[in-house]
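Letter by letter, the chains look like this.
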Amino acid sequence: MIIKKYKVNSMNEAITRIKYELGSEAVIISQRKIRKKGILGFFSKKILEVTAAVDNKKREDNMNYGIKTIKKIVNDGMKNNLLDVDGKDTKAENIDLEQNSTRTNSLYENSIVEKNNDDLIKEVQQMKGMLNKIMSNPYGNVGKSELQLKLENSDLNQNVTKKILSSINIMEDDRKDEEKLKEVVQNMIKVDNKELSNAVVLIGPTGVGKTTTIAKLAGRLALIEKKKIGLITIDTYRIGAVEQLRTYADIMNIPFKVVFTIKDMEKTVQNMKDCDAILIDTTGRNSKNKMQISELRAFIDKIKTDNIHLVISCTTKNRDIDAIINGYSQLNYNDIIITKLDETCTYGSILNILQSAKKPISFVTTGQNVPEDIKTMSSEELTKLVLGEDIIC
Ligand SMILES: Nc1nc2c(ncn2[C@@H]2O[C@H](COP(=O)(O)OP(=O)(O)OP(=O)(O)O)[C@@H](O)[C@H]2O)c(=O)[nH]1
Ligand SMILES: [Mg+2]
């Protein structure tokens, strides 16, 4: 037990000094007003004498607790950053600290050596090792498996990466990780190859390639598969949008109608019911604009189809994918079309999109040429793209 007296001008000053010298565990035992000693003291203002005490053992326990807490924080940080740090490599031999951390740690060491506490020294040394690892690895790559780096390099987002890695972890066979990876990714990609019939609606953000994809599909169905096709657009919003599709319709000699009002929608689809498939183009809408999405929904509800495809570009930023998928979810789309595969070299976004939407992929588009730059791909082919084993030129 340490007991100490403080002569101070106020209680505040006493508390500050006690905390600084004895620590926050110290308790005040007594306080009284006194005059300074000596003849001059008799005429001086009274001061405060505060007696405080602290239990040595408690202080030491606190310090141990503090070190354990810091160690835990460092450990957690390591786990978050490095995923599989097991603590084995954190021996004192690895210590090669940068200047700042050496200074901080030596403060700890001095007080510990004074106490002759071997356990504490060991713990601090372990902390040094761990801090050293974190500092020598600013990008957090140490401890990441090759597999994890491969997934990250393919632009797969964190959630999808975690999902893949945990699926691989619970697979109990002797195959190589690479083989397991392919199987896991392939199982995550669902493809919808059903024939296009009745009313087929394409929706999606602005500029992703809806109209071009409609023209490609029309070309494929009418010119190659020799089917009777009708074209409808409700995009009377963007200047030139109607003319864009009318041009394709004229070249392919396909009936083409423009729908201006919700009231006309049902009737126009009805009038084309002798077609094998009616392809309906829509206005590109900002997924964050609920009004625009609701307006679009009012049109689509009149079409009464379960052939709604959300068109989204492969070049969409990971962070925007979820917003688009969520924004359009109220339109109850059935499939995903991913466009502009030719504009990127990493295809992780394909899996990010499909995982976020939880819908199958129907088509991919691979360039601006109508009608040839559109195709269906198997989950095996898409897996190769996602894992960087194939590329679209
Ligand atoms: N590189 C590439 N460009 C494409 C592809 N598909 C469409 N485009 C181009 O993307 C641009 C926009 O295409 P649109 O078909 O007008 O896109 P949209 O979604 O109808 O656009 P809005 O109607 O304005 O919402 C055009 O320049 C197309 O040629 C593709 O697969 N690859
Ligand atoms: Mg368009």
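This section reports on the structure supplied with the text.

Rules used in this analysis
Numbering of residues begins from 1 in every chain and follows the order in which that chain's sequence is written. Chain letters and ligand numbers both follow the written order, the letters beginning at A and the numbers at 1. It should be noted that, the model being predicted, local features are given only for residues of pLDDT at least 70 and side-chain atom pairs only at 80 or more, the latter also being counted only at that level, while totals for whole chains, interfaces and linings use all residues. Side-chain measures here rest on the full set of heavy atoms in the structure, leaving out hydrogens and waters. To count toward a patch, a residue needs a relative accessible area over 30% and no salt bridge; like charges are then connected within 9 Å, while nonpolar side chains (Val, Leu, Ile, Met, Phe, Trp, Tyr) are connected within 5 Å. Here the Shrake-Rupley method, with its probe set to 1.4 Å, supplies the accessible areas, and only the displayed protein chains count as covering residues. A carboxyl oxygen of Asp or Glu within 4 Å of a side-chain nitrogen of Lys or Arg is what we treat as a salt bridge. Each helix is a run of DSSP H or I of at least 4 residues and each strand a run of E of at least 2, with the numbering of both proceeding from the N terminus. In this analysis, strands are considered paired if DSSP registers two or more bridges between them. Whether two residues touch is decided by their heavy atoms; if any such pair falls within 4.5 Å, the residues are in contact. Orientation is described by lines fitted to C-alpha atoms, with helices fitted over the stretch in contact, and by angles between N-to-C directions that extend from 0 to 180 degrees. The way it works is a 1 Å grid over only the protein atoms, where trapped points that fit a 1.4 Å probe form a cavity and open points with protein on both sides within 12 Å along at least five of seven lines form a pocket, and then any residue with an atom within 4 Å of a point lines it. Grid points are joined across faces, edges and corners, and a volume is the space filled by probe spheres set on the points. Gly is put with the polar residues, along with every residue not named as nonpolar or charged; the nonpolar set is Ala, Val, Leu, Ile, Met, Phe, Trp, Tyr, Cys and Pro, and the charged set is Asp, Glu, Lys and Arg. Each angle is binned into one of four classes, with values under 35 degrees roughly parallel, values over 145 roughly antiparallel, values of 65 to 115 roughly perpendicular, and all other values oblique. Rotating anticlockwise by less than a right angle from the far helix to the near helix defines a left-handed crossing, while the corresponding clockwise rotation defines a right-handed one.

Digging into a nonpolar patch on the surface
Taken together, the side chains of Met1, Ile3, Val27 and Ile29 present a nonpolar region at the surface, about 440 Å² in accessible area. The topology assignment puts Val27 in strand 2 (residues 27-34).

Regarding the sheet that holds strand 11 (residues 374-375)
If you trace the eight strands from one edge of the open sheet to the other, you get 6-5-7-4-8-9-10-11, paired in mixed fashion. Each having just a single partner strand, strand 6 (256-258) and strand 11 make up the two edges of the open sheet. Bridge count between strand 9 (residues 335-339) and strand 10 (residues 361-365): three bridges; the pairing is parallel. Bridging across to strand 10, Ile338 finds its partner in Val364. Lying on the sheet, helix 8 (residues 210-224) is in contact with strand 4 (198-203), strand 5 (229-233), strand 7 (277-281), strand 8 (308-313), strand 9, strand 10 and strand 11; it crosses strand 7 at an angle near 165 degrees.

What to know about empty space enclosed by the protein
One pass over the full model with this rule turns up one cavity of 30 Å³ or more. Estimated volume of the largest cavity: approximately 40 Å³. Lining the largest cavity, in full, are Asp192, Lys194, Leu196, Asn307, His309, Asp335, Ser362 and Phe363. Of the residues in the lining of the largest cavity, the class split is two nonpolar, three polar and three charged.

Thoughts on the packing of helix 10 (residues 262-271) against helix 11 (residues 290-303)
Relative orientation of the contacting elements helix 10 and helix 11 amounts to 30 degrees, with a least axis distance of 8 Å. As far as their axial angle goes, helix 11 and helix 10 are roughly parallel. The handedness of the crossing between helix 10 and helix 11 comes out as right-handed. Listed contacts from helix 11 to Ile262, Met265, Glu266 and Val269 of helix 10 are Ala298, Phe299, Lys302 and Ile303. For the contact of helix 10 with helix 11, the per-class residue count stands at six nonpolar, no polar and two charged.

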